[in-house]
Amino acid sequence: MGSAVERTDDMVREYLTFRGFTSTLKLLDAEIKADKEKGFRVDKIIDQLHQFIQAYDLSALKEYWGYLDRRLFCRLEDVYRPTVNKLRTSLFRYYLVHTVQSNRIEKTQEFFHKQGLELQGHAEWRDWFILPFIQSPEQNPVFSPYFTRQWADTFLVSLHNFLSVLFQQRNALTNSPHPVLLSFDAEVQRTISLQEENEQLRQMLFALQVEPRMKKDEEIVHHKLPPYVQNMDRLGDTELDQPPIHSRQRRYQDHEKERKELFSKPLTQKGESTDTEPQPEGAADTPDVPSSQVQAVAEGAGLVEQPFIKLSQEEYGEHHSSIMHCRVDCSGRRVASLDVDGVIKVWSFNPMMQTKATIMSKSPLLSLEWATKPDRLLLLGSGVGTVRLYDTEAKKNLYELAVEEGYPRILSLACSPSGTSFVCSAAAHAARSGSLLEGANRPVAPVLGKLLLWDTKTVKQQLQFSLEPGPVAINCTAFNHNGNLLVTGAADGVIRLFDMQHYESAMSWKAHDGEVYSVEFSYDENTVFSIGEDGKFIQWNIHRSGVKQSEYSLPQDATGPFVLSGYSGYRQVQVPRGRLFAFDSEGQHVLTCSSTGGLIYRLNEGESGLESILSLGGHKAPVVTVDWCSAVDCGTCLTASMDGKIKLSTLLAQKS
């Protein structure tokens, strides 16, 4: 809602300037500057509260919270009143903790002097009146939990989530009418979406018209043989009678000629007759498509040369902030997506999009991974040193385990194909986060971390992997198909390959200048691919440590960091968290991120490098993570962006 309000404000300014209402424009700018609701921007409201706390301005803090209560909270139903009271209590406690940590005892005493009469009748404040008279309250068992970073982060995240949900559902919660002017932005987005959908349906219709004839031709030329027969003509001495090579080439040329005649049919003028075979039944109702467009589709790579046809593209729009992770489960039936606000959505897309579960986390979440057996379970890694196993069908936590306090950030999770264990990457606090401020200084030394192996059934730590030359944060992990190998990418730019039968490092090599963002095994598992902070996409031979097999060139918007710019100089930078590339079922094509949607490339050996095949498009913000599901007949590509939108593109593979 905040972005729609900003765009509407800009449109009103433009209109007033056009009409010459300069006085009204000045008053509008003055009131916007003094707006206490900050254009319904949650981050700005929290920043304002934080400024009052930092300045020890208790009166302004009370007045601002009172304004929010009168303007927003009092319109809620009574069921939300306990939540509002708890947030108010936590806000004042956050203020008191800040005064004590800053050694401003006079401000602590001032708080109880001004608020004593109001708070003395409340049971939750009974023990707090002795706070100014305790020498070390952070060591007192009553107050020590409130002096931890974990409590402060949990409070700020809870306040942020509450305000976000309040603004998103404001009309339903407060029963207040939605301004008609604000619906303009939604109508524009809906119109654009309908136009894109119409174009996709037009392409689908065109593809369906030519598909019967293509199938007929393929029955003549491309017989589908059993696997054990397909390659028999490659044997040296065989007793099978093969057709003459010249006859095969002639039949192939005739087939290509028929395909060209087929694609040229829509280009004939109305009223002209052709001597070709009649069109298949159902092709008579051909839409009036411009000839230039039909020619571009027919002559381009979309239907004749390209290996994929984009049949459809749907949007999942339940998130309201930038996506961090988006993964399909092993069966290809469910998707789990996580945004930077800590909201997780579990949803299905076949036969229709439907949200199955919503998980609201009090603590920040950093990693997400589907369990393999059973595939309904979801592993969630937090920023406070915990890993949860969540049952998406029962909609409850099965268990929550705690990692060492010195390594609270769970950066990566990977479940073994057998489902009996999973690896967990735990790291210490550092500057690397989901969103970085522009110009922030990065640490020179790599972030410290550990790589742990946990047993899924007993929920106990099995071992800690040895990370040479020293402990370092592991950003990404991936198993091979049978779980015998584990590949990891770390903050020191090193890729490490572990033998999971002996639980030891098989090899390691310096792969990138800077951090390794994403790493995956190739289709044949003889190589691994990686993307790093240096913007390189490299294929490594795992049989020869540190030997590059190929190095591909990718644009910067495919490797990160990702930048989203907006109105009034707004700028958000996000460091990669999720998967940056994904392969198709045969490992011949790779899906990558871009600023407007997913891009599919063909992997070529040698100097030819990557060959651009298909742009999925559909996004208005940079895509930050992708996934490619081949568990169903039609391949499904997932692309998630910084505006919280997830596009689901269904592809049809054209077999050559």
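Residues numbered from 1 in each chain as written. Predicted model: local features only at pLDDT ≥ 70, side-chain atom pairs only at ≥ 80, totals over all residues. Heavy atoms only, no water.

The chain carries the name WD repeat-containing protein 91 in an unreviewed UniProt entry, which gives Scleropages formosus as its organism. Looking at the chain in UniProt, the text filed under Sequence similarities (unreviewed entry) is "Belongs to the WD repeat WDR91 family." (UniProt positions renumbered as here; feature names shortened; annotations may be inferred.)

Novice: Quick question: what am I supposed to make of the overall build of the chain here?
Specialist: A count of helical and extended segments in the chain gives 13 helices and 30 strands. The long-range fraction of contacts in the chain, counting pairs at least 24 apart against all pairs at least 6 apart in sequence, stands at 53%. Carbon and sulfur atoms make up 50% of the accessible area of the chain, which totals about 34100 Å². (Helix = DSSP H or I, 4+ residues; strand = E, 2+ residues; numbered from the N terminus. Contact = heavy atoms within 4.5 Å. Areas by Shrake-Rupley, 256 points an atom, 1.4 Å probe, with all protein chains shown as cover.)

Novice: What is the right way to read the pattern of salt bridges from this model?
Specialist: Two side chains bearing opposite charge may form a pair once their charged atoms approach each other closely. With the rule as written, the count across this model stands at 19 salt bridges. Across the pair Asp-69 and Arg-81 runs a salt bridge, and its minimum N-O distance is 3.4 Å. Of this pair, Asp-69 sits in helix H4 (residues 58-71) while Arg-81 sits in helix H5 (residues 81-101), and the two are twelve residues apart along the sequence. A salt bridge links Asp-391 to Arg-376; the shortest N-O distance between them is 3.0 Å. Highlighted residues: Asp-391 in strand E8 (residues 386-391) and Arg-376 in the loop between strand E6 (365-370) and strand E7 (377-382), separated in sequence by 15 residues. (Salt bridge = Lys/Arg side-chain N within 4 Å of Asp/Glu carboxyl O.)

Novice: Honestly, the packing of aromatic side chains in this entry has me stumped. Any pointers?
Specialist: What characterises a pair of aromatic rings is the spacing of the ring centres plus the angle enclosed by the ring planes. Going through the model one piece at a time under the given rule, you end up with 24 aromatic pairs. Seen in terms of ring centroids, Phe-111 and Trp-125 are 5.9 Å apart; in terms of plane orientation they differ by 40°. Their pairing is tilted. Separated by 14 residues along the polypeptide, Phe-111 in helix H6 (residues 105-119) and Trp-125 in the loop between H6 and helix H7 (149-168) bring together distant segments of the chain. Here Phe-111 falls in the buried class, since its relative accessible area comes to 0%. Joined through ring pairs, the aromatic side chains of Phe-92, Tyr-94, Tyr-95, Phe-111, Phe-112, Trp-125, Trp-128, Phe-129, Phe-143, Tyr-146, Trp-151 and Phe-155 make up one cluster. Its end group placed over the ring of Trp-125, Arg-93 keeps NZ or CZ at 5.3 Å from the ring centre. Sitting over the ring of Tyr-56, Arg-104 keeps its end group 4.6 Å from the ring centre. (Phe/Tyr/Trp six-rings, centres within 6.5 Å; stacked < 30°, edge-to-face > 60°. Buried < 20%, exposed > 50% of the residue type's maximum accessible area, 1.4 Å probe, protein only. Lys NZ or Arg CZ within 6 Å of the ring centre and 35° of its normal.)

Novice: I tried to follow the sheet that holds strand E25 (residues 589-592) on my own but got confused; where do I start?
Specialist: In a beta sheet, neighbouring strands are held together by backbone hydrogen bonds and run either parallel or antiparallel to one another. Reading across the sheet, the four strands line up as E24-E25-E26-E27 and stay open at both edges, with antiparallel pairing between neighbours. The open sheet terminates on both sides in strands that have one partner only, identified here as strand E24 (581-583) and strand E27 (610-615). Taken pair by pair, the neighbouring strands of this sheet meet at an average axis angle of 30°, ignoring direction. Bridge count for E24 against E25 is three bridges, and the pairing is antiparallel. Looking at E25, one finds that Ala-582 is bridged to Leu-591. (Pairing = 2+ DSSP bridges. Axes fitted to C-alpha atoms, helices over the stretch in contact; angles between N-to-C directions.)

Novice: Can you walk me through the side chain of Ser-412 in this structure?
Specialist: Considering the arrangement of structural elements, one finds Ser-412 in strand E10 (residues 409-415). Overall, the relative accessible area of 7% leaves Ser-412 in the buried class. Among the polar contacts made by the side chain of Ser-412, one reaches the side chain of Thr-477 at a distance of 2.8 Å. In this structure Ser-412 touches Ser-367, Val-423, Cys-424, Ser-425, Ile-474, Asn-475, Cys-476 and Thr-477, once residues within four positions along its chain are discounted. (Polar contact = N/O pair within 3.5 Å; in protein donor to acceptor, adjacent residues only side chain to side chain.)

Novice: What is the right way to read the packing of helix H3 (residues 42-54) against H7 from this model?
Specialist: How two helices sit against one another is set out by the angle between their axes and by the gap between those axes. Their axes nearest at 9 Å, the elements H3 and H7 cross at an angle of 135°. In terms of orientation, H3 and H7 fall into the oblique class. Between H3 and H7 lies a crossing whose hand is right-handed. Residues Val-42, Ile-45, Ile-46 and Leu-49 of H3 form the contact with H7, whose participating residues are Leu-156, Leu-159, His-160, Leu-163, Ser-164 and Phe-167. Here the contact of H3 with H7 is built from residues that sort into eight nonpolar, two polar and no charged. (Parallel < 35°, antiparallel > 145°, perpendicular 65-115°, else oblique. Left-handed = near helix turned anticlockwise from the far one by under 90°. Nonpolar A, V, L, I, M, F, W, Y, C, P; charged D, E, K, R; others polar.)

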